[in-house]
Each structure stands twice: as structure tokens, then as C-alpha cells.
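Each chain, letter by letter, is given below.
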Amino acid sequence: METKNIMIVGVGGQGTLLTSRILGGIALHADYDVKLSEVHGMAQRGGSVVTYVRYGEKVAEPIVEEGQADVLIAFERLEAKRYAHFLKKDGVIIVNDQRMDPITVVTGAAEYPEGIIEELSAKYKVYSVDAMAEAKKLGNSRVFNIIVLGVAAQHMDYSKEDWLEVIEKTVPPKTVDINKKAFEVGYTLA
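So, how was this worked out
- Residues numbered from 1 in each chain as written.
- Predicted model: local features only at pLDDT ≥ 70, side-chain atom pairs only at ≥ 80, totals over all residues.
- Heavy atoms only, no water.
- pLDDT = per-residue confidence, 0-100.
- Helix = DSSP H or I, 4+ residues; strand = E, 2+ residues; numbered from the N terminus.
- Phe/Tyr/Trp six-rings, centres within 6.5 Å; stacked < 30°, edge-to-face > 60°.
- Core = buried A, V, L, I, M, F, W, Y, C linked by side-chain atoms within 4.5 Å.
- Buried < 20%, exposed > 50% of the residue type's maximum accessible area, 1.4 Å probe, protein only.
- Contact = heavy atoms within 4.5 Å.
- 1 Å grid on protein atoms, 1.4 Å probe; cavity = no way out; pocket = protein on both sides within 12 Å on 5 of 7 lines; lining within 4 Å.
- Points joined across faces, edges and corners; volume = space filled by probe spheres on them.
- Salt bridge = Lys/Arg side-chain N within 4 Å of Asp/Glu carboxyl O.

## Comments concerning the confidence of the model for the chain
Reasoning step 1: Within the chain, residue pLDDT values average 91, and 96% of them lie at 70 or more.
Reasoning step 2: At the level of individual helices and strands, the chain shows its lowest average pLDDT in helix α3 (residues 103–106), which scores 80, and its highest in helix α7 (residues 160–170), which scores 97.

## Topic: the packing of aromatic side chains
Reasoning step 1: Applying the stated criterion across every chain, the model contains 7 aromatic pairs.
Reasoning step 2: Through pairs of rings, three or more aromatic residues link up here, namely Tyr32, Tyr55, Tyr158, Trp163, Phe183 and Tyr187.

## Focus: the nonpolar core
Taken as a class, soluble globular proteins show a tendency for nonpolar side chains to be buried jointly.
Reasoning step 1: Core analysis: the largest hydrophobic core is formed by 40 residues, its most contacted members being Ile22, Leu23, Ile73, Met156 and Trp163.
Reasoning step 2: Once residues within four sequence positions are removed from consideration, Ile73 is found in contact with Ile6, Met7, Ile8, Val9, Leu23, Ile94, Val148, Leu149, Ala152 and Met156.
Reasoning step 3: In terms of nonpolar packing, the next biggest core, distinct from the first, is built from 23 residues, Val50, Ala69, Tyr124 and Val126 among them.

## Overview of the layout of surface pockets
Reasoning step 1: A volume near 450 Å³ is recorded for the largest pocket.
Reasoning step 2: Together, 23 residues line the largest pocket, and Gly13, Gly15, Leu18, Arg142 and Asn145 are the ones closest to its centre.
Reasoning step 3: Elements that contribute at least two residues to the lining of the largest pocket include exactly α1 (16–29), α6 (144–153) and α8 (176–189).
Reasoning step 4: The dominant element in the lining of the largest pocket, judged by the number of residues it contributes, is α1, at 4 residues.

## Structural notes on the pattern of salt bridges
Reasoning step 1: Counted according to the given criterion, the structure contains 13 salt bridges.
Reasoning step 2: A salt bridge links Asp70 to Lys88; the shortest N-O distance between them is 2.9 Å. Linking Asp70 in strand β4 (residues 69–74) with Lys88 in strand β5 (residues 87–96), this pair joins segments that are 18 residues apart in sequence. In this structure, Asp70 and Lys88 share a single accessibility class: buried.
Reasoning step 3: Each of Glu2, Asp70 and Lys88 takes part in one network of salt bridges that share partners.

Next comes the structure, spelled out in C-alpha cells:
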């Protein structure tokens, strides 16, 4: 099997690290060699957070190079735009249709770009989901990242049952049920 490269991008506090641990867990569950790497911006202050998950028969290094990502999971629109150049030509973007203004927009030094998803869709295969709205329907806005993961899972070669098993082993015990429900919601949205 050729090495698979997945990037997860978001803003501090959006669950990128938990999501990368679940992705790493599903690949380990399938007996692949897995490498994870995390790059933190000013995560506590709403800065970019990027995680790389690489898996295959033998993975030498954890970093995904530009033009090599099979899947880009973005928890926010601007982060999807910022990292889209990492995608392969036939790569897929799963984007949470949410806007979180970076500090430059908050302070008035920059403007938040309009039409990001449309712009990305003109160049890439994009699946957009309003995961925050779906998470609120479940009564817990914090599980939106697992909804996005559920959508992304449709583009990977693992069974829904395997995903649910890994989620159960990875998330905090008191959140297992809500995270499984969130995954199911995302899985059906795809």
C-alpha cells in the first residue's frame, strides 16, 4: 500500500489533536505503520494548529510535504484555504463551514476573505459541512470535529464499526456516547 497522507488543520481548541489521535488509532488498528506530527501556532490564542497523520506499510517521516496530502480535514474555512496547496491533484478537502476570525481580522489589520469554499471548489474536490450546526442539534457543540471526521471517514478504507471502536478507545470515557453519535451524524452526511 502506498503511504496515505492526511492533514488536519484548525484553530486552537477545535480538537485537531484528538482527531489526529483517532486517525492514528484507526491506522494502527489496521496494522499500518503510523507517524503523527503536530505543529502548533499560538493555539491557546486562536492560532493555527496543524497535525499530520501518515500511514502505510513503512512510513519514514511524519511531515506531509506540499502537494502530497490525500485528504485535508479543515475545521474552519480560512484554514482550508491556507493549507489547500498541500493537497495532491486528486486530493479531497473536508471543510467545516465555519468562520473564526484570526487576530488580524479582529484587530482590523486584515479582512476575512469571502467565497472561500467556492474558490476551493473550483480547484479541488471539496465536501463542506456545517458541523457546528449539527453538533448543536446533538446538544454539544464541542463534538463538531468528530462530525467532520465522520464525513472524512467516507474517503478512507475503514469500516464504520472500526471507527467507532477506535473512538471508544481514544476519547475520554464520559464522552464516548456523544462522540459516537457525532461520528454517526457525520458518516451519514457524506
